[in-house]
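Chain and residue survey
Below, each chain spelled out in residue letters.
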Amino acid sequence: QAGINYEVDFGDYPKGIFGFLLSFIAVSIVPALVEEFACRGLILGSLRKFGDGFAIIVSSIVFGIMHGNFQQMPFAFLVGLILAYITIKTGTLWVSVAIHAFNNFVSVAFNYLPKSIPEDIQDALYIILLTVLMVLGLISIILLNKNKQSFEIEKSETEATESQKIKWFFSSVAIVIFII
């Protein structure tokens, strides 16, 4: 691990209804707004001139890196791909903000489940939630698949290669500072 300790103890969540509301705002709402406006608003929006596919991939890489730990990066990258695609297809950030906030809310909600509920039951509830969401996602994909254009992404009209675009983006001063 090169002498780096990735374990951080943030302590317990605040107690009571006001603690829940504070956690909800701090973990669900604020990060969803800030991260979506940064990654899908600014980065994705500014990269679309190089093509939607390129913009989706690069903004998702930045989203993964932005989460700052190796456990979250792969999941954040995959979620970033989905949220960027949704942003492009819907033409609005608000759908991605809502999905992001809901994803973060699940974490808050499960931290506030009463300690009297056995861990096995909590795990079962989590699996049921994930199963329901996966089924809803599959139904959505099936319904969207009826319109073949739903999964098409516009091609770039630039003559630059994908590797040139990546070099330009990741060597720009703003992105170097952002990543650091």
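Residues numbered from 1 in each chain as written. Predicted model: local features only at pLDDT ≥ 70, side-chain atom pairs only at ≥ 80, totals over all residues. Heavy atoms only, no water.

1. Here's the deal with helix α4 (residues 94-111)
Worth spelling out the cut-off: By the criteria applied, helices consist of DSSP H or I runs no shorter than four residues and strands consist of E runs no shorter than two, each listed in order from the N terminus. For a helix, the expected span equals 1.5 Å multiplied by the number of residues minus one. Burial classes follow relative accessibility: with a 1.4 Å probe on protein chains only, a residue under 20% of its type's maximum area counts as buried, one over 50% as exposed, and anything between as partly exposed.
For α4, with 18 residues, the first-to-last C-alpha span of 26 Å sits near the 26 Å given by 1.5 Å per residue. For α4, the full list of buried residues reads Ser96, Val97, His100, Ala101, Asn104, Val106 and Val108.

2. Remarks on the pattern of salt bridges
Keep this limit in mind: By salt bridge we mean one thing: a side-chain nitrogen of Lys or Arg within 4 Å of a carboxyl oxygen of Asp or Glu.
All told, the structure shown has 2 salt bridges when counted by the stated rule. Close ionic contact of Glu36 with Arg40 constitutes a salt bridge, the shortest N to O distance being 2.8 Å. Taken together, the residues Glu36 and Arg40, both in helix α1 (residues 16-47) and 4 residues apart, mark about one turn of the helix. A salt bridge links Arg48 to Asp52, with the nearest nitrogen and oxygen atoms 2.7 Å apart.

3. Concerning the environment of Ile61
Formally: By the convention used here, residues are in contact when the closest approach between their heavy atoms is within 4.5 Å.
Summarising the element assignment, Ile61 is placed in helix α2 (residues 52-66). On the basis of relative accessible area, Ile61 is assigned to the partly exposed category, the value being 30%. Through-space distance from the C-alpha of Ile61 to that of Met73 is 8.6 Å; in sequence the pair is 12 residues apart. Look past the residues within four positions of Ile61 in its chain and what remains in contact with it is Phe77 and Phe170.

4. Topic: the side chain of Arg40
Take Arg40: its relative accessible area is 2%, and that puts it in the buried class. When neighbours within four sequence positions are excluded, Arg40 is seen to be in contact with Glu35, Gly45, Ser59, Phe63, Gly80, Leu83, Ala84, Thr87 and Leu93.

5. So, the nonpolar core
Put simply, the rule is: Side-chain atoms within 4.5 Å link the members of a nonpolar core, which is a set of buried Ala, Val, Leu, Ile, Met, Phe, Trp, Tyr and Cys residues.
Among the nonpolar cores identified, the biggest contains 14 residues, and Ile43, Leu44, Leu47, Phe54, Ile56, Val58 and Phe169 are the most heavily contacted of them. Put simply, the parts of the chain that give this core at least two residues each are α1, α2 and α3 (73-90). Of the residues forming this core, the biggest block, 5 residues, is contributed by α2. If sequence neighbours within four positions are ignored, Val58 has contacts with Leu47, Ile166, Phe169 and Phe170.

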